[in-house]
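Residues per chain, in single letters:
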Amino acid sequence: MAHAVDACVHCGFCLPACPTYTLLGDEMDSPRGRIVLMKEVLEGTLPLADAAPHLDRCLGCQGCVTACPSGVPYGELITAFRGWSEPQRQRSALDRGKRWAILRALPAPRLFSLAARVGQFAKPLAPALPAALRAPLDLLPERVPALHSSPKVTRARGQQRGRVAFLVGCAQQALAPNFNAATLRVLAQNGIEVVVPDGQGCCGAAALHTGARAEALSLVRANLSAFDPGEYDAILSNAAGCGAGLKEYPAVLHGEPDEPQARAFAAKVMDVSEYLFQLLQAGDLAPPLPASRPLQVAYHDACHLAHAQGVRAAPRALLRFIPGVSVLEVPEGDLCCGSAGTYNLEQPELASQLGARKASHILSVQPDLIASGNIGCHTQIQSHVRRARSRVPVMHTVEVLDLAYRGEL
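Residues numbered from 1 in each chain as written. Predicted model: local features only at pLDDT ≥ 70, side-chain atom pairs only at ≥ 80, totals over all residues. Heavy atoms only, no water.

(A) Helix α21 (residues 348–364), seen in detail. Between its terminal C-alpha atoms α21 stretches 24 Å, which fits the 24 Å expected from 17 residues at 1.5 Å a residue. Restricting attention to buried positions, one finds in α21 the residues Pro348, Leu350, Ala351, Leu354, Gly355, Lys358, Ala359 and Ile362. Relative to the axis of α21, the buried residues are bounded by an arc of 165° and lie together on one face. Remark: Gln366 follows α21 within two positions and exhibits a positive phi of approximately 55°. (Helix = DSSP H or I, 4+ residues; strand = E, 2+ residues; numbered from the N terminus. Expected span 1.5 Å × (residues − 1). Buried < 20%, exposed > 50% of the residue type's maximum accessible area, 1.4 Å probe, protein only. Arc of directions from axis to C-beta.)

(B) Broad picture of the sheet that holds strand β5 (residues 269–271). Pairing within the open sheet is mixed, and its five strands lie in the order β1-β3-β2-β4-β5. A single partner strand is all that each edge strand has here, and the edge strands are β1 (153–154) and β5. Both strand β4 (residues 234–237) and β5 contribute to a ladder of three bridges, which runs parallel. Note that in β5 the partner of Ile235 across the bridge is Val269. (Pairing = 2+ DSSP bridges.)

(C) Representation of the packing of aromatic side chains in the model. Across all of its chains, the model carries three aromatic pairs by this definition. For the pair Phe227 and Phe265, a centre-to-centre distance of 5.8 Å together with 80° between the ring planes defines the contact as edge-to-face. On the criterion of sequence distance, the pair formed by Phe227 in the loop between α13 (213–226) and β4 and Phe265 in helix α16 (residues 259–266) is long-range, its members being 38 residues apart. Of the two residues, Phe227 and Phe265, both sit in the buried class. In this structure an aromatic cluster arises from ring pairing among Phe227, Tyr249 and Phe265. (Phe/Tyr/Trp six-rings, centres within 6.5 Å; stacked < 30°, edge-to-face > 60°.)

(D) Representation of the environment of Asp284 in the model. Structurally, Asp284 is set in the loop between α17 (272–281) and β6 (295–299). The class of Asp284 is partly exposed, set by a relative accessible area of 34%. Not counting residues up to four positions away in its chain, the partners in contact with Asp284 are Arg161, Asn190 and Leu279. (Contact = heavy atoms within 4.5 Å.)

(E) Structural view of the pairing of strand β3 (residues 192–195). The alternating pattern of β3 places Ile192 and Val194 on one face and Glu193 and Val195 on the opposite face, and all of these are buried. Pairing of β1 with β3, which is carried by two bridges, proceeds in the antiparallel orientation. The residue bridging Val153 from the neighbouring strand is Val195, located in β3. Here strand β2 (residues 162–166) pairs with β3 via four bridges, running parallel. Across the sheet, the residue bridging to Val164 is Val194, located in β3.

(F) Layout of the packing of helix α11 (residues 178–189) against helix α23 (residues 397–405). It is at 9 Å that the axes of α11 and α23 come closest, and there the two elements cross at 55°. Of the possible angle classes, the one that applies to α11 and α23 is oblique. Between α11 and α23 lies a crossing of left-handed hand. Taken together, the residues of α23 that come into contact with α11 (itself represented by Asn178, Phe179, Ala182, Thr183, Arg185, Val186 and Gln189) are Val398, Glu399, Leu401, Asp402 and Tyr405. A class-by-class count of the residues in the contact of α11 with α23 yields six nonpolar, three polar and three charged. (Axes fitted to C-alpha atoms, helices over the stretch in contact; angles between N-to-C directions. Parallel < 35°, antiparallel > 145°, perpendicular 65-115°, else oblique. Left-handed = near helix turned anticlockwise from the far one by under 90°. Nonpolar A, V, L, I, M, F, W, Y, C, P; charged D, E, K, R; others polar.)

These figures come from the coordinates and say nothing about function on their own.
What follows is the structure, given as structure tokens:
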């Protein structure tokens, strides 16, 4: 951690890339300020309780990492600090209960789905509830879909050209099961066999990034046992946050006996858009049918796809591959939408401001459709687009491609 702190030369390039500095204008709510706070806490010159409010407001979006000319690994720094500091925090009983409920429900799709269905009945009461209880209700979709399990094996259509393993994710199974269904159809359409290994579970990112390191380690090791990277061409995720989390496994297990296993695993992890883009570049991606009319698609860069994984070109290229589709760039496209894992539940007021800001920028380019590659962004953007009284559809990139293959776009 010390080398990362020392790498910061305090140039300030990170400031405009930071969502909380953009909203609050406070140095202590910027990456540069937080690095100073973490350093002082570690040196014992500042009480953790004084630094915690500013550190808690960090979304972990990593917008500062791609803006930093010195290569400061801020994402690793804040994650490690939260893991170190969480056992020392003095939280209220309500706060502890809320965090416990979030970390138990998120990795359990059936429990999450049940909670979402119960929440729908309480949604009309949301305006009268405290912000902490109102936030999750505000994010619920208009209709909570039925929970669908993915088949253990989806055979390739036609000649098989590849075999991949697929992480099905947690929240999206409950909130947007068509993400996975569309992913399986698109891969099969392109001659790829997809295996959903038994024993897989939550990627662990939510636990890791909120300081619950013991829970995160348990989830990480369960996935390492479930996925044998030697059996597959790639290990795919269609959720930016999960994919970034899977690629963090070597850092999470740094110095542990299973670090080599984590490295072999992470070397095979790809976002589904990366994998399909490789097929496109090789001339092996099946051509989709044209859209029924010219469509302008506003593409939203999920932070954990663009900043954490460096995947920007692939989803745009896939969308442009559909005849009749053009891709619109969004003002302030690099700024987080405010979802950020559990952030919109733990910091609802800031998350809401960022969500409204993102929706306003997206709608300003007058799209026919909004595409992204992460369930958290999807939920946040859809919620705020609807609050802006717009009915523009919000979809996963692979859902758009799937509709084009089926002639329904």
